[in-house]
Amino acid sequence: AAAKATAAPEATGSRPGMIALVLPCEATMGKLSDYILGANNYLENKNYYLTIHDTGMNLEQEKKVIEELVANGIKGILFYPFSDRDNLQLLYDLHMTHYPIVTIDKYFESVPVSYVVSDNQDGGYRAASHLLQLGHERIAFICSEPIESATSIRNRYFGYCRALKEAGLPIDPAIVVMGVRRLLHDWMKTRGIDETRPRPVIESHQKQYMRDLLRSLVEQRVTAIQTDDDYIALEAMSAAAELGIKVPDDLSVIGFDNIELSAHVEVPLTTIEQNSF
């Protein structure tokens, strides 16, 4: 795990403490760097250093990193979980010993650990409401992971459901696609595609899967797509372009996060911004 430090704190006569920020992947992904900037900004001149740790989206590595940080005397942990269904025993043990740990992005419904998260349900509601105001009635919801895996995804979906219900529209399971990453894995497996092949080969199959998915949704009269993150939204827009479907003329797409890339594609992505800082 890579480590970075803040600017030197003010001299206080005592040795600086260490606070750890545990992230699921490299800080270059999405808005993760904003979490670092926010924590770093607060800790300046507080007589604490910030260390950054990447768990590689691996639950065993996540557990190992946190255990080692605690054993090594880290004063507190800011924890961005990969999933809020796993490592519950570890979190509960830390809670019972009153160890200072705060989760970000997600929270653990079964463990009373402090957390700082966006109002994801309101964000999902606003995204769907925006599409409804544009006149859409067949709005698909696509998320990268199953809703069981994260409170953030669940609440964005619940916001989507609330907006449709208030508009008097039914929730159609046929156009709600949960866990695209897992579905992609199954799709490639049934076709005998070896996922260890070179990345360009795998990416070509991933694009084919997304084209097939988009074609299926359009055949079901979908005119708008709401996603749980900008990456899935951008993949959908790319697939639409390859199929000759114009965004936003033929299909509206809205994402979530407002990653930097979303502003630099041919058609800038409409998205819900999180204040990660």
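Residues numbered from 1 in each chain as written. Predicted model: local features only at pLDDT ≥ 70, side-chain atom pairs only at ≥ 80, totals over all residues. Heavy atoms only, no water.

Caption draft 1: A look at the sheet that holds strand E5 (residues 114-116). Judged by pairing direction, the sheet is parallel, and its 5 strands sit side by side in the order E2-E1-E3-E4-E5 without closing on themselves. Where the open sheet ends on each side, the last strands, each with one partner, are strand E2 (48-54) and E5. Taking the axes of each pair of neighbouring strands and ignoring which way they run, one obtains an average angle of 25° across the sheet. Bridge count for strand E1 (residues 17-23) against strand E3 (residues 76-79) is 4 bridges, and the pairing is parallel. Across the sheet, residue Ala20 finds its bridge partner in E3, namely Ile77. (Pairing = 2+ DSSP bridges. Helix = DSSP H or I, 4+ residues; strand = E, 2+ residues; numbered from the N terminus. Axes fitted to C-alpha atoms, helices over the stretch in contact; angles between N-to-C directions.)

Caption draft 2: Just the pattern of salt bridges, in detail. Under the defined criterion, the tally for this structure stands at 13 salt bridges. Two residues, Asp105 and Lys106, come together in a salt bridge whose shortest N-O distance is 2.8 Å. Exposure class is identical for Asp105 and Lys106. Each is buried. Note that Arg138 and Asp172 form a salt bridge whose closest N and O atoms lie 2.9 Å from each other. On the criterion of sequence distance, the pair formed by Arg138 in the loop between helix H4 (120-133) and strand E6 (139-142) and Asp172 in the loop between helix H5 (151-166) and strand E7 (176-177) is long-range, its members being 34 residues apart. Taking the relative accessible area as the measure of exposure, Arg138 reaches 18% and is therefore buried. Because the salt bridges share partners, they merge into one network encompassing Lys31, Asp34 and Glu273. (Salt bridge = Lys/Arg side-chain N within 4 Å of Asp/Glu carboxyl O. Buried < 20%, exposed > 50% of the residue type's maximum accessible area, 1.4 Å probe, protein only.)

Caption draft 3: The arrangement of unusual backbone geometry in detail. Residue Pro248 is bonded to the preceding Val247 through a cis peptide linkage, with omega at 10°. Position of Pro248 among the secondary structure elements: in the loop between helix H8 (230-242) and strand E9 (252-257). Of note, Met57 is a non-glycine position whose phi angle comes to about 55°, a positive value. Tracing the backbone shows Met57 in the loop between E2 and helix H2 (59-71). Its identity as a non-glycine residue notwithstanding, Asn87 has a phi of 55°, on the positive side. Turning to its location among the elements, Asn87 is positioned in the loop between E3 and helix H3 (88-96). Among the residues examined, Asn87 registers a relative accessible area of 16% and is labelled buried.

Caption draft 4: Representation of the sheet that holds strand E8 (residues 224-227) within the structure. Across the sheet, which stays open at both edges, the 5 strands sit in the order E7-E6-E8-E9-E10 with parallel pairing between neighbours. Here the strands that pair on one side only, and so sit at the sheet edges, are E7 and strand E10 (270-273). For E6 and E8, the ladder comprises 4 bridges, and the chain directions are parallel. Bridging across to E8, Ala140 finds its partner in Ile225.

Caption draft 5: Here's a closer look at the pairing of strand E4 (residues 101-104). As defined by bridge partners, E3 adjoins E4 across 3 bridges and the pair is classed as parallel. The partner of Leu78 across the bridge, within E4, is Val102. Regarding the hand of the β-α-β motif, the stretch spanning E3, H3 and E4 is right-handed. (Right-handed = clockwise from strand over helix to strand, strands pointing away.)

Caption draft 6: Geometry of the side chain of Lys106. Note on placement: Lys106 falls in the loop between E4 and E5. Judged by its relative accessible area of 6%, Lys106 is buried. Not counting the four nearest positions on each side in its chain, Lys106 is found in contact with Tyr80, Pro81, Phe82, Ser83, Asp84, Tyr115, Val117, Ala150, Thr151 and Ser152. (Contact = heavy atoms within 4.5 Å.)

Caption draft 7: Inspection of the layout of surface pockets at higher detail. Volume-wise, the largest pocket comes out at about 1,500 Å³. If you go around the largest pocket, you meet 49 residues; those closest to its centre are Met29, Met57, Arg181, Asp229 and Tyr231. Looking at the lining of the largest pocket, the elements that each hand over two or more residues are helix H1 (32-43), H5, helix H6 (180-190), helix H7 (199-219) and H8. The dominant element in the lining of the largest pocket, judged by the number of residues it contributes, is H7, at 8 residues. Considering only residue class, the lining of the largest pocket consists of 21 nonpolar, 10 polar and 18 charged. (1 Å grid on protein atoms, 1.4 Å probe; cavity = no way out; pocket = protein on both sides within 12 Å on 5 of 7 lines; lining within 4 Å. Points joined across faces, edges and corners; volume = space filled by probe spheres on them. Nonpolar A, V, L, I, M, F, W, Y, C, P; charged D, E, K, R; others polar.)

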